[in-house]
Structure formats: structure tokens, C-alpha cells
Amino acid sequence: MTTAHAAVAAPGARFAKLFRRKEDRGGEPRLSPLWTFVAWLATLAFFAPVAWMVLTSFHQEADAATSPPTPFAAVTFDQYELLFSRDITPFLLNSAMAGILSTFLVLALAVPAAYALSIKPVEKWTDVMFFFLSTKFLPAIAALLPVYLIVKDAGMLDNVWTLVILYTAMNLPIAVWMMRSFLAEVPKEILEAAEVDGAGLLTVLWRVVAPVAMPGLAATSLICFIFSWNEFMFAVNLTATQASTAPVFLVGFITNEGLFLARLCAAATLVSLPVLIAGFAAQDKLVRGLSLGAVK
């Protein structure tokens, strides 16, 4: 009977061995070759559309519109020259202003709120957290008409500051939830030591909490900036010529004459660069921040 069970289990054991972690010479665990292959395959699958977009941006419209596509067509920078001739810079500046200012406002409001909900918890803090979360239950499209009427009556249509206020309100609940989980990991002992030394609330937040929670701050700020940078619905409905953002600029390549695919890919590549640069610059803190609290 034992021999029969071993014979049945042997194929499964050999299959599981392929996925088992192995120990290298330094004693640290490393993935088996099969898992490494799967990870690279998944990475290439996610990166392939981005690589195709960048490659298409260096082609002529005739080459980009062929079926099947021609990836080895002649390389040209004409699409990027046409973009700057259409003056894409104001759209990028509007997106940057709305994203950066709203992110700073979100952090300025979310950090004290998260501090009060984690380190110095208020009464019924779970109800407060649910209230923040409940503000995300309503679809944004349902609030578009009331927001449009309010902005119109306030004379704030086609104004970047309108987008800053809206993006702050949209990202604040997410930031509070994220920062609350990050600040809950801050050791209470260092806060008590700072209070014993006579540090006030602002001093504790700036000199004690902020350095310890820097990975969480980086992760939260980057996510809020990405959400603001990519927001389209309010930008396209509340702006016209002065405050239009980069996503609104991209829609201009979908016309009655057809889809300018190569030019659209070039514009999308330019619009993606600031987020990629910000993510690359803060990648170490981003990884630490997103994994903070995952392992006790």
C-alpha cells in the first residue's frame, strides 16, 4: 500500500519540485528557473503593448495603419515634430500643475487625518474610516452634472484651480486609508520619547513621523499624482482652451477624418514619460511603501 501511494505521489512531487525555492550559496532563497521564466513571461506580456506604442510613434501614418502591421518600417521623428508644432506644452503644464498641487494638498490633509486615526485614534475611528470610504461609492459620472453647475455658477469653468480642488477631493479618501495603514506601523516608543522631550504636534509630524513614514508618503503621493495625471472625465467637461490637460489633448487625434494612430502613439508616449520618470526616481521608496505592513 505504501509503495502504491508513493508511486501515485511521485509525479506530483516532481512537479512541485520545479516550483520549489532553492537555496543559493549565500543562504538566501531564490526562485526556481521555472518561476523565473514565468515572471519574465508575465513582464514581457505587460510591457509588450507599451513597447508597441513607442515603436509605432516612430512610424509614418501609412505604416502605422497597415494590416498586418509593419514593425520594421522606416523610423522617423515626424510625429514628435508635429506634436510640438501643435503646442502640446501647455497641456502638459496644466496636467503637471493640477497633479502636483493636488498631491501636495492631499498629503497636507491626509497625514494629520491619518495621524488622528492611527497613532492618536479618535472615538469611533472605524466609523470615520468608513465615511471616507463611502465617498468613493458614488460613480464620478453621477456627480458630473451637479459639479458642472456649481463650477459654472462660481465662474470657475476652464480654470486649473477647479481641477486642483476636484482632484484633491477625489484622492483624499484613498490617501487617508493608505497613510493610516502606514502610520500604524510607526513605533509608539519614538513618539512618546518626542513628547517627553517637549515636541509639539507639528514637530512630531515633521521631524519624527515623516522620516519614518517616508516610503508610505512616496507611495501615496505617486498614486495620487498618477490618478490626477490620468483623470479625463472632469478635465474634458470642465475645461475648454486655457486649462485643458494632457488626456484631453490625446482625444484631438480621434477625428472625423479617421484615427491618426502614429501621432496618437507619439502623444501617449510623451504623456506617459512624467509618470514613468517619477516612478523610476522613487522606485525604492515605492516598493518599500507598498509592502509596508505586509509582513509582521
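Residues numbered from 1 in each chain as written. Predicted model: local features only at pLDDT ≥ 70, side-chain atom pairs only at ≥ 80, totals over all residues. Heavy atoms only, no water.

(A) Structural context of the overall build of the chain. Scanning the chain from N- to C-terminus turns up 15 helices and 4 strands. Each of the 296 residues in the chain was classed as buried or not, and the buried ones make up 33%. Here the analysis covers contacts within the chain between residues at least 6 apart in sequence; of these, 72% occur between residues at least 24 apart. Total accessible area on the chain stands at roughly 18,200 Å², and carbon and sulfur atoms take up 70% of it. (Helix = DSSP H or I, 4+ residues; strand = E, 2+ residues; numbered from the N terminus. Buried < 20%, exposed > 50% of the residue type's maximum accessible area, 1.4 Å probe, protein only. Contact = heavy atoms within 4.5 Å. Areas by Shrake-Rupley, 256 points an atom, 1.4 Å probe, with all protein chains shown as cover.)

(B) Region of interest: unusual backbone geometry. The residue Asp 87 is not glycine, and still its phi comes out positive at about 60°. Summarising the element assignment, Asp 87 is placed in the loop between helix H4 (78-85) and helix H5 (89-118). By relative accessible area, which is 41% here, Asp 87 ends up partly exposed. A positive phi angle, near 55°, is found at Asp 158, a position not held by glycine.

(C) Spotlight on the nonpolar core. Among the nonpolar cores identified, the biggest contains 20 residues, and Tyr 115, Ile 119, Met 179, Leu 183, Leu 191, Val 204 and Val 209 are the most heavily contacted of them. Secondary-structure elements contributing two or more residues to this core are H5, helix H8 (160-183), helix H9 (188-196), helix H10 (201-212) and helix H11 (214-230). No other element matches the 5 residues that H10 contributes to this core. Contact partners of Ile 119, with chain neighbours within four places excluded, come to Ala 114, Leu 183, Val 186, Lys 188, Leu 191 and Val 209. (Core = buried A, V, L, I, M, F, W, Y, C linked by side-chain atoms within 4.5 Å.)

(D) Spotlight on the layout of surface pockets. Here the largest pocket is characterised by a volume of approximately 500 Å³. Surrounding the largest pocket, 21 residues form its lining, Phe 104, Leu 107, Val 111, Trp 206 and Leu 217 being those nearest its centre. When residues of the lining of the largest pocket are traced back to their parent elements, those giving at least two are H5, H8, H10 and H11. Ranked by the residues each element gives to the lining of the largest pocket, the list is headed by H5, at 7 residues. The computed volume of the second largest pocket comes to approximately 310 Å³. As for the second largest pocket, its lining consists of Thr 135, Lys 136, Leu 138, Pro 139, Ala 140, Ala 143, Val 147, Leu 166, Ala 169, Met 170, Pro 173 and Phe 234. Take the lining of the second largest pocket: its biggest share by element is 4 residues, from H8. (1 Å grid on protein atoms, 1.4 Å probe; cavity = no way out; pocket = protein on both sides within 12 Å on 5 of 7 lines; lining within 4 Å. Points joined across faces, edges and corners; volume = space filled by probe spheres on them.)

(E) Layout of the confidence of the model for the chain. Here the chain averages 81 in pLDDT, and 84% of its residues register 70 or above. This model gives residues 1-9 a pLDDT under 50, and the stretch forms 0 contacts once residues within four places in sequence are excluded. (pLDDT = per-residue confidence, 0-100.)

(F) Highlighting a nonpolar patch on the surface. A cluster of nonpolar side chains, namely Trp 35, Phe 37, Val 38 and Leu 41, defines an oily patch on the protein surface of about 390 Å² accessible area. Here Val 38 lies in helix H2 (residues 33-56). (Patch = residues over 30% accessible without salt bridge, like charges linked within 9 Å, V, L, I, M, F, W, Y side chains within 5 Å. Salt bridge = Lys/Arg side-chain N within 4 Å of Asp/Glu carboxyl O.)

(G) Main features of H4. When we look at burial in H4, the residues that qualify are Gln 79, Tyr 80 and Leu 83. Across the axial projection of H4, the buried residues extend over an arc of 95°, all falling on one side. Summarising the geometry of H4, the exposed residues directed more than 90 degrees from the buried face are Glu 81 and Ser 85. Once H4 finishes, Asp 87 follows within two positions and takes phi at roughly 60°, a positive value. (Arc of directions from axis to C-beta.)

(H) Layout of the environment of Val 147. When you line up the elements, Val 147 lands in helix H7 (residues 144-153). On the basis of relative accessibility, which here comes to 16%, the residue Val 147 falls in the buried class. Excluding residues within four positions of it along the chain, Val 147 makes contact with Leu 166, Phe 234 and Leu 238.

(I) Examining H11 more closely. Its 17 residues give H11 an end-to-end C-alpha distance of 24 Å, which sits within 8% of 24 Å, the value for a rise of 1.5 Å per residue. Every buried residue of H11 is accounted for by Pro 215, Gly 216, Leu 217, Ala 218, Ala 219, Thr 220, Leu 222, Cys 224, Phe 225, Ser 228 and Trp 229. (Expected span 1.5 Å × (residues − 1).)

(J) How the structure looks around the side chain of Thr 76. Along the polypeptide, Thr 76 turns up in the loop between helix H3 (61-64) and H4. A polar side-chain atom of Thr 76 sits 3.1 Å from a polar atom in the side chain of Asp 78. Each residue touching Thr 76, except ones within four places of it in the same chain, is listed here: Ser 57, Phe 58, His 59 and Gln 60. (Polar contact = N/O pair within 3.5 Å; in protein donor to acceptor, adjacent residues only side chain to side chain.)

(K) Representation of the packing of aromatic side chains within the structure. Considering all chains together, one arrives at 6 aromatic pairs under this definition. Taking the centre distance of 6.1 Å and the plane angle of 70° together, the rings of Phe 130 and Phe 137 count as edge-to-face. On the basis of an interplanar angle of 35° and a centroid distance of 5.7 Å, the ring pair of Phe 225 and Trp 229 is categorised as tilted. Separated by 4 residues within a single helix, Phe 225 and Trp 229 lie in helix H11, roughly one turn from each other. With respect to burial, Phe 225 and Trp 229 carry one shared label: buried. (Phe/Tyr/Trp six-rings, centres within 6.5 Å; stacked < 30°, edge-to-face > 60°.)

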